[in-house]
Number of protein chains: 2
Amino acid sequence: MNKHHTDMEVRAHADHHASLRLWLRLLSCTTRIEDTIRQRLREQFDITLPRFDLMAQLEREPQGLSMSELSRRMMVTGGNVTAIVDQLEKEQLVLRQTQVGDRRSFTVSLTSAGREAFAAMALAHEGWVVELLSPLADQEQTQLHQLLGTLKSGPPTQPKEKT
Amino acid sequence: MNKHHTDMEVRAHADHHASLRLWLRLLSCTTRIEDTIRQRLREQFDITLPRFDLMAQLEREPQGLSMSELSRRMMVTGGNVTAIVDQLEKEQLVLRQTQVGDRRSFTVSLTSAGREAFAAMALAHEGWVVELLSPLADQEQTQLHQLLGTLKSGPPTQPKEKT
DNA sequence: TATTGTTATACTCTATAACTATA
DNA sequence: TATAGTTATAGAGTATAACAATA
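As the structure is a computational prediction, the values presented were derived from the model and not from experiment. (Residues numbered from 1 in each chain as written. Chains lettered and ligands numbered in written order. Predicted model: local features only at pLDDT ≥ 70, side-chain atom pairs only at ≥ 80, totals over all residues. Heavy atoms only, no water.)

**Details of the protein's contact with DNA strand D**
At step 1: Taken together, 21 residues sit near DNA strand D, with Ser-68, Thr-82 and Arg-104 of chain A together with Asn-80 and Arg-103 of chain B positioned nearest.
At step 2: In DNA strand D, the atoms that sit within 4 Å of the protein are 66% sugar and phosphate, with bases accounting for the remainder.
At step 3: In this structure, Thr-48 of chain B approaches DNA strand D through a side-chain N or O atom, which is 2.9 Å from a phosphate oxygen.
At step 4: With respect to DNA strand D, the backbone of Thr-77 of chain B contributes an N or O atom lying 3.2 Å from a phosphate oxygen.
At step 5: Put simply, the parts of the chain that give the surface near DNA strand D at least two residues each are helix 3 (67–74) and helix 4 (78–90) of chain A together with helix 1 (18–45) of chain B.
At step 6: Per-element tally for the surface near DNA strand D: the top contributor is helix 4 of chain A, with three residues.
At step 7: Here the residues of the surface near DNA strand D sort into four nonpolar, 10 polar and seven charged. (Near = heavy atom within 4 Å. Polar contact = N/O pair within 3.5 Å; in protein donor to acceptor, adjacent residues only side chain to side chain. Helix = DSSP H or I, 4+ residues; strand = E, 2+ residues; numbered from the N terminus. Nonpolar A, V, L, I, M, F, W, Y, C, P; charged D, E, K, R; others polar.)

**Some remarks on the interface of chain A and chain B**
At step 1: In this complex, chain A contributes 52 residues to the contact, which on the side of chain B involves 50 residues.
At step 2: Carbon and sulfur atoms make up 68% of the area that chain A and chain B hide from each other, which totals about 5300 Å².
At step 3: Put simply, chain A and chain B have zero salt bridges between them.
At step 4: Applying the counting criterion to the chain A and chain B interface returns eight residue pairs in polar contact (both at pLDDT 80 or more).
At step 5: Looking at the side of chain A that touches chain B, the elements with two or more residues in it are helix 1 (8–45), helix 2 (49–60), helix 3, helix 5 (112–132) and helix 6 (138–153) of chain A.
At step 6: Per element, the largest residue contribution to the side of chain A that touches chain B is 20 residues, and it comes from helix 1 of chain A. (Contact = heavy atoms within 4.5 Å. Buried area = accessible area lost by both parts, 1.4 Å probe. Salt bridge = Lys/Arg side-chain N within 4 Å of Asp/Glu carboxyl O.)

**Brief notes about the environment of Gln-97 of chain B**
Residues and elements named next belong to chain B.
At step 1: Mapped onto the elements of the fold, Gln-97 is located in strand 1 (residues 94–98).
At step 2: Each C-alpha atom of the pair Gln-97 and Leu-20 lies 48 Å from the other, and the pair is 77 residues apart in sequence.
At step 3: Contacts of Gln-97, omitting those with residues within four sequence positions, involve Ser-105, Phe-106, Thr-107 and Ser-109.

**Some words on helix 4 (residues 78–90) of chain B**
Residues and elements named next belong to chain B.
At step 1: Counted at 1.5 Å a residue, the expected span for helix 4 with its 13 residues is 18 Å, and the 18 Å between its end C-alpha atoms agrees.
At step 2: All of the buried residues in helix 4 are Val-81, Ile-84, Val-85 and Leu-88. For helix 4, the angular spread of buried residues about the axis comes to 100°, placing them on one side. With respect to the buried face of helix 4, the exposed residues turned more than 90 degrees away are Gly-79 and Lys-90.
At step 3: As for helix 4, its buried residues are in contact with helix 2 (49–60), helix 3 (67–74), strand 1 and strand 2 (106–110).
At step 4: Once helix 4 ends, the next one or two residues include Gln-92, with phi positive near 60°. (Expected span 1.5 Å × (residues − 1). Buried < 20%, exposed > 50% of the residue type's maximum accessible area, 1.4 Å probe, protein only. Arc of directions from axis to C-beta.)

**A look at the environment of Thr-31 of chain A**
At step 1: Within the fold, Thr-31 of chain A resides in helix 1.
At step 2: The sequence separation of Thr-31 of chain A and Ala-137 of chain A amounts to 106 residues, and the corresponding C-alpha distance is 21 Å.

**Regarding the pattern of salt bridges**
Residue and element names in this part refer to chain A.
At step 1: Counted under the stated rule, the structure contains 20 salt bridges over all chains.
At step 2: Between Arg-40 and Glu-131 there is a salt bridge; the shortest N-O distance is 3.0 Å. Of this pair, Arg-40 sits in helix 1 while Glu-131 sits in helix 5, and the two are 91 residues apart along the sequence.
At step 3: For Glu-131, a relative accessible area of 40% translates into the label partly exposed.
At step 4: For Arg-73, the salt bridge is made with Glu-61, and the minimal N-O distance between the two is 3.0 Å. Of the two residues, Arg-73 is situated in helix 3 and Glu-61 in the loop between helix 2 and helix 3; the sequence distance between them amounts to 12 residues.

**Some points on the confidence of the model for chain A**
Residues and elements named next belong to chain A.
At step 1: Averaged over all residues, the pLDDT of chain A is 87; the fraction at 70 or higher stands at 85%.
At step 2: Helix 1 is the least confidently modelled element of chain A, averaging 84 in pLDDT, while strand 2 (residues 106–110) averages 97, the highest of any element.
At step 3: Predicted confidence for residues 1–11 stays below pLDDT 50, and this span has one contact to residues more than four positions away or in other chains.
At step 4: Below a pLDDT of 50 lies the segment residues 157–163, which in the model reaches one contact outside its immediate sequence neighbourhood of four places, other chains included. (pLDDT = per-residue confidence, 0-100.)

**Let's talk about the packing of aromatic side chains**
At step 1: Under the defined criterion, the tally for this structure stands at four aromatic pairs over all chains.
At step 2: Residues Phe-45 of chain B and Trp-128 of chain B carry aromatic rings whose centres are separated by 6.3 Å and whose planes lie at 50° to one another, so their mutual orientation is tilted. One end of the pair, Phe-45 of chain B, is in helix 1; the other, Trp-128 of chain B, is in helix 5 (residues 112–132), and 83 residues separate them in sequence.
At step 3: According to the relative accessible area criterion, Phe-45 of chain B is partly exposed, its value standing at 29%.
At step 4: The ring of Phe-106 of chain A has Arg-96 of chain A sitting right over it, with the charged end atom 5.7 Å from the ring centre. (Phe/Tyr/Trp six-rings, centres within 6.5 Å; stacked < 30°, edge-to-face > 60°. Lys NZ or Arg CZ within 6 Å of the ring centre and 35° of its normal.)

Shown next, in the form of structure tokens:
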């Protein structure tokens with residue numbers, strides 16, 4: 001088109017629209033996949049995403065986590081963690097154990113039933129993710145992973161530094 | 001999306017499938033950006049994302065849209081559209097007009113105050129998006145856009161049109 | 001009968017803040 | 001006083017379903 005006479009302002013404007021289109025596509029792709037996963041978790045395991053996430057946190061830490069540590073890791077406030085742990089405990093998927101040194105605090109961990117249930121859910125979950133990302137070839141997935149890494153952390157050539 | 005703010009990437013295990021790591025990174029990046037935009041819209045314009053989205057739909061269709069068309073485009077059920085339009089109409093940002101041919105239906109459109117307010121918000125919004133995507137160079141953004149196009153529509157051997 | 005839109009209701013997820021028990 | 005956790009409440013955001021008016 002007008003490559004030879006590109007005005008910086010025009011180009012900047014066009015780039016802005018390009019970023020906006022990229023963002024809308026990013027949002028649309030992610031939302032579609034997340035909604036599918038949420039719906040399948042609900043239908044097949046009768047579980048919500050935050051509950052799944054909490055169990056995933058516990059699965060990574062077999063020795064258990066305190067309520068406040070769960071709150072910190074899930075980046076939600078304490079009251080919400082209480083509610084989720086209440087539900088999961090009622091279903092005997094997690095367990096509150098009192099601490100020896102500090103009687104204000106609990107250690108929350110998966111029960112064996114919880115570990116078993118989570119293993120089945122995580123397996124299905126991984127299969128769905130593989131399925132939903134399958135339009136991209138392995139090499140494209142690697143490329144996408146790298147680009148998102150840059151988006152997340154800034155470019156590897158210019159890492160965040162204090163100047 | 002609404003959404004929890006967990007950094008989902010921490011759920012990744014070394015032995016998880018590469019697709020799962022990709023998905024967690026995709027979700028994490030998108031959620032982080034969306035939460036930032038949602039917060040800024042709230043703080044600076046006292047508006048929610050669904051209300052912003054509804055106004056964006058109307059801005060693209062100056063002749064207006066019916067409630068059911070808004071519902072279809074926003075992919076939420078009719079009752080929700082009624083509630084959002086009620087709020088925006090109370091603030092005189094949008095207008096319901098009765099149809100001539102079908103007295104069941106309304107045409108919803110932006111008022112001039114609504115167009116003005118939306119223009120300011122859209123400008124800020126676009127600036128935020130440019131800022132939040134700025135870790136990626138233009139060429140990387142193009143690459144990402146293409147990869148997400150493939151993810152959305154399936155492989156080029158099985159195209160499905162639409163952007 | 002079907003469609004457009006509204007109303008009523010409920011559930012999840014979230015935050016804030018007051019509260020209890022313990023440190 | 002400070003911290004760990006709970007409870008109470010409120011408000012988005014969503015869905016379903018019953019409903020009224022109109023086609």
